[in-house]
Amino acid sequence: MKPRHNMDIYALTWRLPVLVWQTLFFIAPLVFMIAMSFFLVKNYRMVEAFELVNWMKMFSRDYFWDSYVLSLGLAALATICATALAFPASYALAFMVSDNIRRWAIFFLIIPYFTSYLVRIFSWYVLLAEAGIANGVLGYLGLGPFTMLNTAFATIVGYMALTLPLVVILQTLSMANIDRSLIEAAHNLGAGRLRTIVSVVVPAGKVGLIVGALFCFILSFGDFVSPYYLGGSKPPTLTILITDTTKSGQQWPRAAVVAVTMMATLMVIAYSAIRYAYNRRQP
Amino acid sequence: MGAAQFVLENVAKRFGNQVAVNPMNLEIRSGEFLAIMGPSGCGKTTTLRMLAGLEAPSEGEIRLNGVRINEFKPHERETPMVWQSLALFPFLNVRENVEFGLKMRGVPKAERAERAHRWLQRLEIDQFAERDIGNLSGGQRQRVALARALVTEPPVLLLDEPLSALDANLVVRMQTVLIRLQKELGITFVYVTHSQSEAFAMADRIVIMNEGSVEQVGTPREIYRAPTNRFVAEFVGTNNIIEGTVSSRKAGMLECDTALGCIRTLCGENNPIHPGNRVDLVIGADLIEVSAEPIWSDNCFPAAFIGEEFVGSVATLHFETESGDEIRVQKQQRETESLELAHGKPLYLHWDADTVYCLASRTSDERGE
Amino acid sequence: MRRDRLVTWLLRIYLALIFLFVFVPIATSMVFSFNSDRFPSLPLGGFTWHWYDMVYKDPDTWEAIRTSLLVALTSSVLATFIGFCTAYTDFRYRFRFKGAYLALALLPPTIPLIILALAMLAWFSKIGISGRVGSIIVAHTVLCAPFAMAVIRLRLQQMDRDLESAAWNLGANELAAMRHVVIPFTLPSIISALCLTMAVSFDEFMIAWFVSGLNKTVPVMILEILQGNVDPRINAIGSFVFAVTVTLVVVAQLLFSAKTTTTRS
């Protein structure tokens, strides 16, 4: 009695490529980046070491914490906006159109992800400019002009361009899977539309709503383009901090500190969000 | 029937902690049509897959013509199979499907085409040779699957519930095709099924399996008339099973107390059943006679007619005895006409002592309940 | 029930507004790529090919397109190969730590690109492969492999497990069964995966910008133009990139749905 697949070369052939590749070029870089946050920079050259100096320097600077709070705040705001803006649209797509139209709508919502995000941001730049198209349209109505570029408003518009279609897709899919009889039961019991939404649709579609919000947060928190080009980059978000620190010199260890802090933050948020999503009751 | 071709010796299969097949012994003879039958999950398909090398036995040895084949990979065996799902290759046409086995064995192209064509002709599907699999009817696909498996002229054909997806009259036609093929080719067929009618219509021998164990191996007649345990008696045919206790044994005649009353049955010299033993009495539904008046017989009981059902020309009549037990009787439909059956009509059921088959009761523990 | 009708109509209008928000920038970019004004504004100026012409005559554009195509083609082939191996492993085998294995295979797209970009830049410099076209290819393969895996895995889901066993049963060894059964069956999804990963790679700018050194891809070039003044060339390049990626995606979609209807035997 010996195991037949003791040294199954065939099985290993298929198993190994992803292991090797992702270990070498995905895990190793991330681990190295964490290590790098403890390196030193001497005479514009990185020296491998294990010192806390980068962490202490970054964490003791006000501008780092300003950026941190700004990034968190913007991403949180984007998450709230996207969830709220997407919900009525997803509700309509989930309950008020035919399956066929819903499929097409989702297809069209995927298309933006295959257009260059940069180009879309450039379009928003043009649209939102002082002499731009939005102000032009508002001008016909006798309003404005408003200063929109280089404000948090423009950053959020950029974030919406990045995340809104995805959030609508995720919300729609989760709500379309809700058992219709639940909703009919709620109506039968005399619940109005709003009551039904609050007491039936939201709890039943909770996972989709939270996963959508989480994706929105991750994408916004990690985006560099919107805050830089639309938001005017002042004060900088963490992503702009990373880019500037990396691109303008050899202070990679400090950029690594920022990146590791971001990753840790995201992991905590993702973990809590997913736990919350799958828990029935949260105290 | 030839010599032993496959021998399974203490072969068992476990998946993790789950037992699929308990240690079993079985001989499959060269050139026989063997059916393995049992309810779903009884281990019949796992046994078949072990023959094909698709599952490795956890224990025991499988021999083919005396050679241990446990370690042979599927492609190193000549054990083509007809699958329940048919598993025809959807991206190949009919001819290419049939040629597949030959191609894998390196048969040159011209010979491949010639041999495939011969088999397509033999199974009367040569006009569909260039069709896509998707454009065939169920029966035609069945034939493609058969041709694909047989084209390499193997010594054995394994069939895993091949007819379960077909409708009733096609099943009968395919049975005829299979029986004729098996006789003409003279090769071994191992046929897994949960359907009695398929097994009894085609097989030379039947293996009955339940919960991973072999319950009985025998010819259809043996299985039907002489079940060795209650599971087989219940699983096969429309047997009536009546529980009772032996009250006396004299001169080869047993008398048993049952809810119905005293039932008499014959008992061989070597049968170790004694007064006081609990027994299951098996009475084939087709062996019971019905009459309007009581008749002097070994066993005769009054019963009320309560209903009937038909399969073809065979009627299954349901009776209720005075004890409240239900007894089923099978008759040709024309035989029932003279009885002028009506619901609740009191009649008499009788049968000879030699038609009753007496089984020692297993304890519930042995039955695995 | 009049209120209900009103709500329905309001929701429909709202839905239209959402789609307007999503598609206005795309449409704007296309319209203004033919607009003669230097700063895009209303009312529109005249029709012009000027921006396309400028882009067309700029050797840098062609260099960037060449780099982008090279990167997209190579990394899509690598990513599809890795994705296929992973999808097949997931389909066929059960083993310990499979959860961790799949997590490793699928995780990259959930890490913000800027973090991956920095990590890869540092690691590639450390092992001496940074600043080359090859660096972008390696990085994009990491990013794209999970997408390829997902597409091919979905197709394998439609494959009757007996199909592969049937091939062995008919005398094919595992490699022959792979070649004559698994690959033909998954071929449409393999081509879809190639198109999809090519599109993802063709659009990615963050990692490419960090690790590419002097080898600019098209999106990196857009990023650098963006850092200068308002320049309608971006609209021209953007419309071109849009045309390329949408073509790839549509081809992928068509191939993916084409054979799914006649798969089962």
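Computed from a predicted model, the values in this text were never measured in an experiment. (Residues numbered from 1 in each chain as written. Chains lettered and ligands numbered in written order. Predicted model: local features only at pLDDT ≥ 70, side-chain atom pairs only at ≥ 80, totals over all residues. Heavy atoms only, no water.)

Undergrad: I tried to follow the sheet that holds strand 5 (residues 67-68) of chain B on my own but got confused; where do I start?
TA: Sheets are built from strands paired through backbone hydrogen bonds, the pairs being either parallel or antiparallel. Residue and element names in this part refer to chain B. Strand order in the open sheet made by the four strands is 2-1-4-5, with antiparallel pairing throughout. The open sheet has two edge strands with one neighbour each: strand 2 (18-29) and strand 5. Across five bridges, the pairing between strand 1 (residues 4-15) and strand 4 (residues 59-64) is antiparallel. Counted as the bridge partner of A12 is E59 from strand 4. The sheet contacts of helix 1 (residues 44-52) involve strand 1, strand 2 and strand 4, and relative to strand 1 the element is tilted by about 120°. (Pairing = 2+ DSSP bridges. Helix = DSSP H or I, 4+ residues; strand = E, 2+ residues; numbered from the N terminus. Contact = heavy atoms within 4.5 Å. Axes fitted to C-alpha atoms, helices over the stretch in contact; angles between N-to-C directions.)

Undergrad: Looking at this structure, I do not really get the interface of chain C and chain A. What am I missing?
TA: It is common to report an interface's size as the accessible area lost on association of the parts. Listed per partner, the contact involves 82 residues of chain C and 80 residues of chain A. Looking only at chain C, the three residues that lose the most surface to chain A are F21, L104 and L118 of chain C, adding up to 9% of its buried area. Taken together, the links from chain C to chain A amount to one salt bridge. E48 of chain A is the partner of K126 of chain C in a salt bridge, and the nearest nitrogen-oxygen pair spans 2.7 Å. Seen at the junction of chain C and chain A, the total is 10 residue pairs in polar contact (both at pLDDT 80 or more). Residue composition of the side of chain C that touches chain A, grouped by class: 62 nonpolar, 13 polar and seven charged. (Buried area = accessible area lost by both parts, 1.4 Å probe. Salt bridge = Lys/Arg side-chain N within 4 Å of Asp/Glu carboxyl O. Polar contact = N/O pair within 3.5 Å; in protein donor to acceptor, adjacent residues only side chain to side chain. Nonpolar A, V, L, I, M, F, W, Y, C, P; charged D, E, K, R; others polar.)

Undergrad: What should I look at first to understand the domain arrangement of chain A in this one?
TA: Residue and element names in this part refer to chain A. The domains assigned to chain A are domain 1 (1-36) and domain 2 (52-278). Taken residue by residue, the interface counts four residues in domain 1 and seven residues in domain 2. Of the roughly 480 Å² buried where domain 1 meets domain 2, counting both sides, 86% is carbon and sulfur surface. The largest contributions to the domain 1 side of the interface with domain 2 come from M33, I34 and M36, which together make up 90% of the buried area. Counting across the domain 1 and domain 2 interface gives zero salt bridges. Connecting domain 1 to domain 2 are zero residue pairs in polar contact (both at pLDDT 80 or more). (Domains from an automatic or database assignment.)

Undergrad: Hey, could you run me through unusual backbone geometry in this one?
TA: Leaving glycine out, the prevailing phi sign among residues is negative, and the prevailing peptide bond configuration is trans. Residues and elements named next belong to chain B. Look at N10: it is not a glycine, yet its phi comes out positive at around 50°. Judged by its relative accessible area of 40%, N10 falls in the partly exposed class. Phi is positive for E161, close to 40°, though the residue is something other than glycine. By the secondary structure assignment, E161 is in the loop between strand 7 (156-160) and helix 5 (168-185). On the accessibility criterion, E161 (8% relative accessible area) is buried. (Buried < 20%, exposed > 50% of the residue type's maximum accessible area, 1.4 Å probe, protein only.)

Undergrad: Explain the side chain of S189 of chain C to me, please; I cannot follow it from the model alone.
TA: Residue and element names in this part refer to chain C. Residue position: S189 is located in helix 8 (residues 174-203). We classify S189 as buried; its relative accessible area is 0%. Within the local environment of S189, its side chain forms a polar contact with the backbone oxygen of T186, the two atoms lying 2.7 Å apart.

Undergrad: What is the right way to look at the pattern of salt bridges in this model?
TA: If the charged atoms of two oppositely charged side chains come close together, the side chains can form a pair. Under the criterion given, the structure shown has 35 salt bridges over all chains. Where K216 of chain C meets E224 of chain C, a salt bridge forms, and the shortest distance between an N and an O atom there is 3.3 Å. By relative accessible area, E224 of chain C is classed as partly exposed at 33%. The structure contains a network of salt bridges with shared partners spanning E9, E61, R63, R68 and E71 of chain B.

Undergrad: I would appreciate a short explanation of the packing of aromatic side chains in the present structure.
TA: Per the counting criterion, the structure on display carries 46 aromatic pairs over all chains. Residues F25 of chain A and F124 of chain C carry aromatic rings whose centres are separated by 6.2 Å and whose planes lie at 80° to one another, so their mutual orientation is edge-to-face. With F25 of chain A in helix 1 (residues 9-36) and F124 of chain C in helix 5 (residues 113-126), this residue pair bridges two chains. A single burial state applies to F25 of chain A and to F124 of chain C, both of which are buried. Ring centres of W209 of chain C and F210 of chain C lie 5.8 Å apart, and the angle between their planes is 80°; on these two criteria the pair is classed as edge-to-face. Note on W209 of chain C: relative accessible area 7%, which makes it buried. (Phe/Tyr/Trp six-rings, centres within 6.5 Å; stacked < 30°, edge-to-face > 60°.)

Undergrad: Even after reading the chapter, I still don't get the packing of helix 1 of chain A against helix 4 (residues 98-106) of chain C, so can you show me in this structure?
TA: A pair of packed helices can be characterised by two numbers: the angle between their axes and the separation between those axes. Remark: helix 1 of chain A packs on helix 4 of chain C, axes separated minimally by 9 Å, with the N-to-C direction vectors making an angle of 55°. Relative to helix 4 of chain C, helix 1 of chain A is oriented oblique. For the pair helix 1 of chain A and helix 4 of chain C, the crossing hand works out as left-handed. Mapping the contact onto sequence places W14, R15, V18, L19, Q22, T23, F26 and I27 of chain A in helix 1 of chain A and Y101, L104 and A105 of chain C in helix 4 of chain C. Here the contact of helix 1 of chain A with helix 4 of chain C is composed, by residue class, of eight nonpolar, two polar and one charged. (Parallel < 35°, antiparallel > 145°, perpendicular 65-115°, else oblique. Left-handed = near helix turned anticlockwise from the far one by under 90°.)

Undergrad: Would you explain the domain arrangement of chain B in this entry?
TA: Residue and element names in this part refer to chain B. For chain B, the assigned domains are domain 1 (4-225) and domain 2 (240-368). Here domain 1 and domain 2 have C-alpha centroids that lie 38 Å from each other. Taken residue by residue, the interface counts four residues in domain 1 and six residues in domain 2. When the two sides are added together, the surface that domain 1 and domain 2 hide from each other amounts to roughly 350 Å², 23% of it contributed by carbon and sulfur. Connecting domain 1 to domain 2 are one salt bridge. Residue R225 is joined to D286 by a salt bridge in which the shortest nitrogen-to-oxygen separation is 2.8 Å. Linking domain 1 with domain 2 are one residue pair in polar contact (both at pLDDT 80 or more), by the criterion used here. For the side of domain 1 that touches domain 2, the per-class residue count stands at one nonpolar, no polar and three charged.

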